[in-house]
Amino acid sequence: MRILKTLLFNLLLLSVCCFESVAQERDTLSMEQDSLYIAPLDTVRSHKVVYPEHLIGLRYSYCITGVGTNIDMDQKGYNSPVNIELLYTYYHPLWGYIGCFGLQTGIRYTKFGFTSENNIPNFFENVTTLQLPVLSAFHFDIGKRLRIFANIGPYIGYRLSTTKEKGWDCFDKRFEYGIEGLGGIGLRFGRFEIHLGAGYQYCFGFLFDPEKFSSASWIYTHPHSLNLSCGLHYKLK
């Protein structure tokens, strides 16, 4: 009987010890889980809010223009000093804090041309064009004064006039479309920005019909230009 009492006492004591051990482990696990849920709240990073920007500007470009052909015509380019643009730029932050995206559009008055040493009739001219670019505008700000920008996208245009003696004929293409890219730096002074850049423009459309000179030997003509520019922009908001 004494042995049975001793055995029951030992089993009771062992049960109490096991219960306390399990309770301690459960409390420890609960504290670890709480720390896992609390830790991220202590390490959340706050982002600086970036607000949209609206800029209106005027840009001048000096262009080295020419026309690319599928047949070598010994053509030479034309340096155009008359290129003026009225621009609107909208920089919109992504998710409220990634402020490097935007859109730029406007209206451009420009000239391009070429000459040829092959003495082909009507294979030389200067053309005045009105263009509308619609570009993706990327920018990266360094401090408060310096901005690096890069714009790329399509454009459309309409050719207003030509220097040919007889003017336009049925082979000439008046509408144009292509792609352009521009990059450079901007210097910011309060609401004003001075942009210095360089770019390239390529026209996918033809200057005139490929059969203009011969139906047997087609000539494909694609105007292009390399430009150096400076602009003054004013921040509206």
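Refer to the structure printed above.
Model, not experiment: these values are computed from the prediction.

Procedures and definitions
Residue positions are given per chain, counting from 1 as you read along its sequence in written order. Local features in this predicted model are restricted to residues whose pLDDT is 70 or higher, and side-chain atom pairs enter the listing and the counts only when it is 80 or higher, whereas totals over whole chains, interfaces and linings include all residues. Hydrogens and waters are ignored; side-chain quantities use all the structure's heavy atoms. Paired rings are identified among Phe, Tyr and Trp, the last through its six-membered ring, by centres lying within 6.5 Å, and are further divided according to the angle between planes into stacked (under 30 degrees), edge-to-face (over 60) and tilted (the rest). The numbering of helices and of strands both runs from the N terminus, where a helix is a DSSP run of H or I of at least 4 residues and a strand a run of E of at least 2. Only heavy atoms matter for contacts: two residues are in contact if any of them lie within 4.5 Å across the pair. The salt bridge criterion pairs a side-chain nitrogen of Lys or Arg with a carboxyl oxygen of Asp or Glu, the two atoms within 4 Å.

**A word on the packing of aromatic side chains**
Thinking step 1. A complete count under the given rule lists 6 aromatic pairs for this structure.
Thinking step 2. Between Phe-101 and Phe-138, the aromatic rings sit 6.0 Å apart at their centres with planes inclined by 70°, giving edge-to-face as the arrangement. Here Phe-101, found in the loop between strand S3 (84-91) and strand S4 (102-116), pairs with Phe-138, found in strand S5 (residues 125-142); they are 37 residues apart in sequence, far enough to count as distant.
Thinking step 3. Look at Tyr-202 and Phe-204: their rings are 5.8 Å apart centre to centre, the planes differ by 70°, and that puts the pair in the edge-to-face class.
Thinking step 4. Through a chain of ring-to-ring contacts, the aromatic side chains of Phe-206, Trp-218 and Tyr-220 assemble into a single cluster.

**Things to note about the environment of Ile-156**
Thinking step 1. Its location among the elements puts Ile-156 in strand S6 (residues 146-162).
Thinking step 2. Remark: the alpha-carbon pair of Ile-156 and Leu-130, spanning 26 residues in sequence, is separated by 8.7 Å.
Thinking step 3. If we skip the residues at most four places from it in the chain, Ile-156 touches Leu-130, Gln-131, Leu-132, Glu-176 and Tyr-177.

**Thoughts on the pattern of salt bridges**
A pair can form between side chains of opposite charge whenever their charged atoms are brought close.
Thinking step 1. Counting across every chain of the model gives 11 salt bridges.
Thinking step 2. In this structure, the salt-bridge partner of Glu-85 is Arg-59, at a minimum N-O distance of 3.1 Å. With Glu-85 in strand S3 and Arg-59 in strand S1 (residues 53-69), this pair connects stretches of sequence that are 26 residues apart.
Thinking step 3. A salt bridge links Asp-172 to Lys-164; the nearest nitrogen and oxygen atoms lie 2.7 Å apart.
Thinking step 4. Beyond isolated ion pairs, a larger network of salt bridges with shared partners links Glu-53, Asp-141, Arg-147, Arg-188 and Glu-193.

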